Amino acid sequence: MNQLVEQYITKNYYKLLHISKRITKNHELSQDLLHEIILQLYNKKEIVLENYEDDTIKYYITSILRINWNSKTSPFFYKIRKEPLNYQPITDIFEYEDDQLKWEREILLQSLEVSYAELDFWRKGMIELYLVLGSVNKVSKFTGIPKSSIIKYVKQSKEQLQTNTLKRIKEYGED
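Scoring rules and cut-offs
Residues numbered from 1 in each chain as written. Predicted model: local features only at pLDDT ≥ 70, side-chain atom pairs only at ≥ 80, totals over all residues. Heavy atoms only, no water. Phe/Tyr/Trp six-rings, centres within 6.5 Å; stacked < 30°, edge-to-face > 60°. Buried < 20%, exposed > 50% of the residue type's maximum accessible area, 1.4 Å probe, protein only. Helix = DSSP H or I, 4+ residues; strand = E, 2+ residues; numbered from the N terminus. Expected span 1.5 Å × (residues − 1).

Caption draft 1: The arrangement of the packing of aromatic side chains in detail. Evaluated as defined, the whole model comprises three aromatic pairs. A ring pair is formed by Y13 and Y14, whose centres lie 5.3 Å apart and whose planes are at 80 degrees; its orientation type is edge-to-face. Taking the relative accessible area as the measure of exposure, Y14 reaches 67% and is therefore exposed. Taken together, a centroid distance of 5.6 Å and an interplanar angle of 80 degrees make the contact between W122 and Y153 edge-to-face. Of the two residues, W122 is situated in helix α8 (residues 121-133) and Y153 in helix α10 (residues 147-174); the sequence distance between them amounts to 31 residues.

Caption draft 2: Just helix α3 (residues 30-43), in detail. Relative to the 20 Å expected for 14 residues at 1.5 Å per residue, α3 spans 20 Å between its end C-alpha atoms, a close match to the ideal helical length. All of the buried residues along α3 are S30, L33, L34, E36, I37, I38 and L41.

Okay, structure coming up:
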């Protein structure tokens, strides 16, 4: 990275954060956007601007912020903003059901949430990546972890979730 750009980012970090918040309209991802842009700038070998003394650096970074926030083909969109689009709210699946089914579903979801919360950090991460990326191959490419290890962790995590959830449901039924 160009030393002048690095100095500008270091000196004006909070101004850039403010710009990021304005571009995103105070969205909770504004700080993530700025950090992603800083990483993109660090990964660039050379940043060539005509003049480093005026606000050229600021406008350059602002344009990168705006492009990454508004574009659906930007690296930021693919890494961070697209992830929630992969999920469908679970309540939309069950539109028409009677009270008994609603009650049973609530018990199941509560039991599953508690079981998931009890998983350790590593297993949660593996399950989340597996659900978001959709396959063991993609998780392996994304993390660099061998497929056999990922298969083992995902399988163990699923079994642990199933066992703990069923145990909770049985406990709830006994009450």
